[in-house]
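The primary structure of each chain is shown beneath.
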Amino acid sequence: MVARLTRIIPLLLVLAFVAGVVYVVASWRYSPARAKEILIKAFTVLNTVLAAFFGLASLYALSESNMAVLDLTLSFMVTALVALAITRICRAVFLKHNPSYRAKPMKAKKLRRWPWSK
């Protein structure tokens, strides 16, 4: 069990580093609330891609009967799925505390005025 946990530490460190860089840059460029929204969107996409990639790698390792690689890829896939679940929980809490981010701004509609209309 401890061996499996030590395998995922590099992935967790990379995810934490990416989160820190994205948050600091977006917070500096925009506002902290906008930085959180950007971070939630980025991590939703990133963790979905990671889970899909490691899921496919797990299926390939299973088809090749490579149990060592299967164990590693399944550990990474579970880590990505847990991170995705945490990201979705963070999104729900963020929307609870910032209801203005729930409704996205709509594009303005142009009204063409003819010369004879007032």
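The structure displayed is predicted, hence computed values, not measured ones.

Right, let's talk about the side chain of Thr 73 for a bit. Residue position: Thr 73 is located in helix H4 (residues 67-97). With a relative accessible area of 7%, Thr 73 lands in the buried category. With residues up to four places along the chain from it excluded, the contact list for Thr 73 reads Phe 54, Ala 57 and Ser 58.

Next up on the list: the packing of aromatic side chains. Taken as a whole, this structure holds 2 aromatic pairs when the rule is applied. Seen from their ring centres, Phe 53 and Phe 54 are 5.2 Å apart, and the 65° between their planes marks the pair as edge-to-face. A network of ring pairs unites the aromatic residues Phe 53, Phe 54 and Phe 76 as a single cluster. A cation over a ring is seen here: Arg 34 above Tyr 30, with NZ or CZ 5.7 Å from the ring centre.

Our next topic: the nonpolar core. Formed by Ile 8, Leu 11, Leu 15, Ala 19, Leu 39, Phe 43, Leu 50, Ala 51, Phe 54, Phe 76, Met 77 and Ala 80, the largest nonpolar core amounts to 12 residues. The element best represented in this core is helix H3 (residues 32-63), accounting for 5 residues. If we ignore the near neighbours within four places in the chain, the residues touching Leu 39 are Ala 19, Val 22 and Tyr 23.

Next up on the list: the packing of H3 against H4. Where H3 contacts H4, the two axes come as close as 8 Å, and the packing angle between them is 155°. Put simply, H3 runs roughly antiparallel to H4. At the point where H3 passes H4, the crossing takes the left-handed sense. Residue classes in the contact of H3 with H4 are distributed as 21 nonpolar, 7 polar and 4 charged.

Relative to the helices and strands, Ile 86 resides in helix H4. The spacing of Ile 86 and Phe 43 is 43 residues in sequence and 9.9 Å in space, taken between C-alpha atoms.

This brings us to the confidence of the model for the protein chain. When pLDDT is averaged along the protein chain, the result is 88; 96% of the residues meet or exceed 70. The least confident element of the protein chain, judged by mean pLDDT, is helix H1 (residues 2-7) at 76; the most confident is H3 at 94.

As a further point, take the environment of Ser 75. Its place among the elements puts Ser 75 in helix H4. Those residues in contact with Ser 75 that sit more than four places away from it in its chain are Arg 4 and Ile 8. A distance of 2.9 Å separates the side chain of Ser 75 from the backbone oxygen of Asp 71, its partner in a polar contact.

Turning our eyes to something else, we now look at unusual backbone geometry. Within the chain, Ser 65 stands out as a residue other than glycine whose phi angle is a positive 60°. The residue Ser 65 is located in the loop between H3 and H4 in this model.

Conventions used here
- Residues numbered from 1 in each chain as written.
- Predicted model: local features only at pLDDT ≥ 70, side-chain atom pairs only at ≥ 80, totals over all residues.
- Heavy atoms only, no water.
- Helix = DSSP H or I, 4+ residues; strand = E, 2+ residues; numbered from the N terminus.
- Buried < 20%, exposed > 50% of the residue type's maximum accessible area, 1.4 Å probe, protein only.
- Contact = heavy atoms within 4.5 Å.
- Phe/Tyr/Trp six-rings, centres within 6.5 Å; stacked < 30°, edge-to-face > 60°.
- Lys NZ or Arg CZ within 6 Å of the ring centre and 35° of its normal.
- Core = buried A, V, L, I, M, F, W, Y, C linked by side-chain atoms within 4.5 Å.
- Axes fitted to C-alpha atoms, helices over the stretch in contact; angles between N-to-C directions.
- Parallel < 35°, antiparallel > 145°, perpendicular 65-115°, else oblique.
- Left-handed = near helix turned anticlockwise from the far one by under 90°.
- Nonpolar A, V, L, I, M, F, W, Y, C, P; charged D, E, K, R; others polar.
- pLDDT = per-residue confidence, 0-100.
- Polar contact = N/O pair within 3.5 Å; in protein donor to acceptor, adjacent residues only side chain to side chain.

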